[in-house]
Amino acid sequence: TLTDRLSAVFRNLRGKTRLTDADIEATTREIRLALLEADVNLAVVKEFIQAVRERAKGAQIHAALNPAQQILQIVNEELIEILGGAARPLRYAKKPPTVILLAGLQGSGKTTLAGKLGKWLKGQGHSPLLVAADLQRPNAVNQLQVVGERAGVQVFAPEPGNGIGDPVAVAKAGLEFAASKLYDVVVVDTAGRLGIDEELMRQAAEIRAAVNPDEVLFVVDAMIGQDAVNTAKAFAEGVGFDAVVLSKLDGDARGGAALSIAKVTGKPIMFASNGEGLDDFDAFYPDRMASRILDMGDLLTLIEQAQKTFDAEQSAKAAQKLLQGKGEFGLDDFLQQMQAVRKMGPLSKILGMMPGMGQMKDQIAGIDEREIDRIEAIIYSMTPAERANPKMLDGSRRARIANGSGTKVSDVNSLVNRFFDARKMMQSMAGSIPGMPRKQAPQ
Ligand code: GDP
Ligand code: MG
């Protein structure tokens, strides 16, 4: 993957004291290959590599950083730039209701997004209305009604008198209804086809003309790779849009589509969808995406999510320890992290957001919920001193703990080993993030 390739490049650079031309060539060659393999558009790759190469050469003069940091910083900054710089917020109409039109292929995630947006808007203090203007599939209206109900958001559906069978009429009627009932944001769900076709484009363009939206959001499945670029181009020409929503970012394809679409359309990516649940949704942050592509993990997202679920103070302390290596990371912290992970959702999803997962995957894939219970029991059977300083866990202490927690000594051993591995990994991780002090792993 792109992520693995880039981290391999940076591993090779580690230990060198300056960046030679040969280093730059070797590095950019690897990055180029990795991007192409990740399905990034060729034109985008070329331009990207050129920018990185130029900057790397200029940066040589001020080579104060270590080479890996230097390249990492450049690649990171260039990625962020392509991905749109800062997050672009939703634009609200001066005179409500604000109209948001969703466009995209069938299955791209529009209807799901309508629910997510509705819930999110409500959370921001708005009173949204979802309008069911997808009359193509027999079940489409019902699907939106179900989603709206789950989100606790009102849905406007076609009825006799407001245009059954005519999506343009339904969209217009929805708008009038919203204005009369003081809904301040209207989200219009539209029909998609399996492929790009004239009829679909014409219909979406007609709805657009009829409702004059403040934002047209193009919804695209991040997993369709290179096709995403062609689809985006077709929608840009056929309907036109203001911003992109990337859906299904919880899948494997993490970088290629985002990079290509942003560059080729020149439109900002506004939201990211990463799951089927209504809360699997957030504003799109270019810097986070860039660090995710670089396998620096989506630390910020992870921390934010932890704070949502947790006592903010507690998680801030843990995050600080994790990031800065402040204080000694002990078994108490380990347990807390693990419980945090459990509260945040399915492990597989959290893993995608954690740094260095390439190497850790196998190790963590084996941890299931019951194992977390066991780990909890073992750590609770330790004294505070043992938790803070696991080095003191000799044979007789381990036997006592196994006994107290109803586990085997081999369980205690494997937990302690895993803890030391995790601590080592976190410390090396902290050192590879620019601006973050490296803490020596204790011997
Ligand atoms: P539409 O045809 O554009 O309205 O797409 P839908 O909203 O009906 O979504 C199509 C399928 O993709 C549904 O099964 C959704 O549950 C699923 N889906 C939508 N967004 C996401 C996402 O972000 N992640 C995942 N894993 N599935 C999604
Ligand atoms: Mg739909």
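The structure displayed is predicted, hence computed values, not measured ones.

(A) Examining the packing of helix 7 (residues 167–181) against helix 8 (residues 198–211) more closely. Between helix 7 and helix 8, whose axes approach to 9 Å, the crossing angle comes to 30°. Here helix 8 runs roughly parallel to helix 7, going by the angle between their axes. Crossing hand, helix 7 versus helix 8: right-handed. Residues P167, V168, A171, K172 and L175 of helix 7 form the contact with helix 8, whose participating residues are Q203, E206, I207, A210 and V211. Classifying every residue of the contact of helix 7 with helix 8 gives seven nonpolar, one polar and two charged.

(B) How the structure looks around the site of ligand 1. What surrounds ligand 1 is a group of 17 residues, the closest being G109, K110, T111, T112 and S273. Sort the elements by how many residues they give to the shell around ligand 1 and helix 5 (residues 110–123) lands first, with three residues. Residues that form the shell around ligand 1 fall into these classes: no nonpolar, twelve polar and five charged.

(C) The arrangement of the UniProt feature "domain: SRP54-type proteins GTP-binding" (unreviewed entry) in the protein in detail. Per the UniProt entry, the sites bearing "domain: SRP54-type proteins GTP-binding" (unreviewed entry) are residues 268–281 in this numbering. Segment residues 268–281 splits into 0% helix and 43% strand. End C-alpha atoms: 17 Å apart.

(D) Main features of helix 2 (residues 21–37). When the terminal C-alpha atoms of helix 2 are compared, their 24 Å separation across 17 residues agrees well with the 24 Å that a helix rising 1.5 Å per residue should span. Within helix 2, burial applies to I24, T27, I31, A34 and L35. Angularly, the buried residues of helix 2 cover 100° about the axis, an arc narrow enough to put them on a single face. Turned more than 90 degrees away from the buried face of helix 2 sit D21, A22, E25 and R29, all of them exposed. One or two positions beyond helix 2, positive phi appears at D39, with a value near 75°.

(E) Summary view of the nonpolar core. Counting residues in each nonpolar core, the largest one holds 83 residues, and the members touching the most others are V131, V186, V188 and L246. Each residue touching V186, except ones within four places of it in the same chain, is listed here: P97, V99, I100, L129, V131, G174, L175 and A178. The next biggest cluster of nonpolar side chains, apart from the first, holds ten residues, and it includes F334, I375, I379 and I401.

(F) Spatial organisation of the pairing of strand 1 (residues 98–103). Counted residue by residue, strand 1 has six buried out of six residues, so it is predominantly covered. Residue alternation in strand 1 divides its side chains into two sets, T98, I100 and L102 and V99, L101 and A103, and both sets are buried. Across four bridges, the pairing between strand 1 and strand 4 (residues 185–190) is parallel. Bridge assignment links I100 to a residue of strand 4, and that residue is V187. Alignment of strand 1 against strand 5 (residues 215–221), held across four bridges, turns out to be parallel. By the bridge assignment, L102 is partnered in strand 5 with L217.

(G) Layout of the environment of P96. Tracing the backbone shows P96 in the loop between helix 4 (67–82) and strand 1. Spatially, the C-alpha atom of P96 lies 8.0 Å from that of Y183, the residues being 87 residues apart in sequence.

(H) Quick look at the sheet that holds strand 1. Read across the open sheet, the eight strands follow the order 3-2-4-1-5-6-7-8; overall the sheet is mixed. With one partner strand each, in any of the chains shown, strand 3 (154–156) and strand 8 (281–283) form the two edges of the open sheet. For this sheet, the mean inter-axis angle between neighbouring strands, taken without regard to orientation, is 25°. The pairing of strand 2 (residues 128–133) with strand 3 spans three bridges and is parallel. Each residue of the ladder has a partner; that of L129, found in strand 3, is Q154. Against the sheet, helix 7 makes contact with strand 1, strand 2, strand 3 and strand 4, and its axis sits at roughly 165° relative to strand 2, the strand it touches most. The strands touched by helix 8 are strand 1, strand 2, strand 4 and strand 5; relative to strand 1, the strand with the most contacts, the crossing angle is about 180°.

(I) Molecular detail of the pairing of strand 7 (residues 269–273). Burial within strand 7 is extensive, with five of its five residues counted as buried. For strand 6 (residues 243–247) and strand 7, the ladder comprises three bridges, and the chain directions are parallel. In the strand pairing of strand 7, V245 is matched with F271. Both strand 7 and strand 8 contribute to a ladder of three bridges, which runs antiparallel. Residue pairing in the sheet places A272 in a bridge with D282 of strand 8.

Reading the values: the criteria
Residues numbered from 1 in each chain as written. Chains lettered and ligands numbered in written order. Predicted model: local features only at pLDDT ≥ 70, side-chain atom pairs only at ≥ 80, totals over all residues. Axes fitted to C-alpha atoms, helices over the stretch in contact; angles between N-to-C directions. Helix = DSSP H or I, 4+ residues; strand = E, 2+ residues; numbered from the N terminus. Parallel < 35°, antiparallel > 145°, perpendicular 65-115°, else oblique. Left-handed = near helix turned anticlockwise from the far one by under 90°. Contact = placed C-beta atoms within 7 Å. Nonpolar A, V, L, I, M, F, W, Y, C, P; charged D, E, K, R; others polar. Near = placed C-beta within 6 Å. UniProt positions renumbered as here; feature names shortened; annotations may be inferred. Expected span 1.5 Å × (residues − 1). Buried ≥ 20, exposed ≤ 12 C-beta atoms within 10 Å, placed from the backbone. Arc of directions from axis to C-beta. Core = buried A, V, L, I, M, F, W, Y, C linked by C-beta atoms within 7 Å. Pairing = 2+ DSSP bridges.

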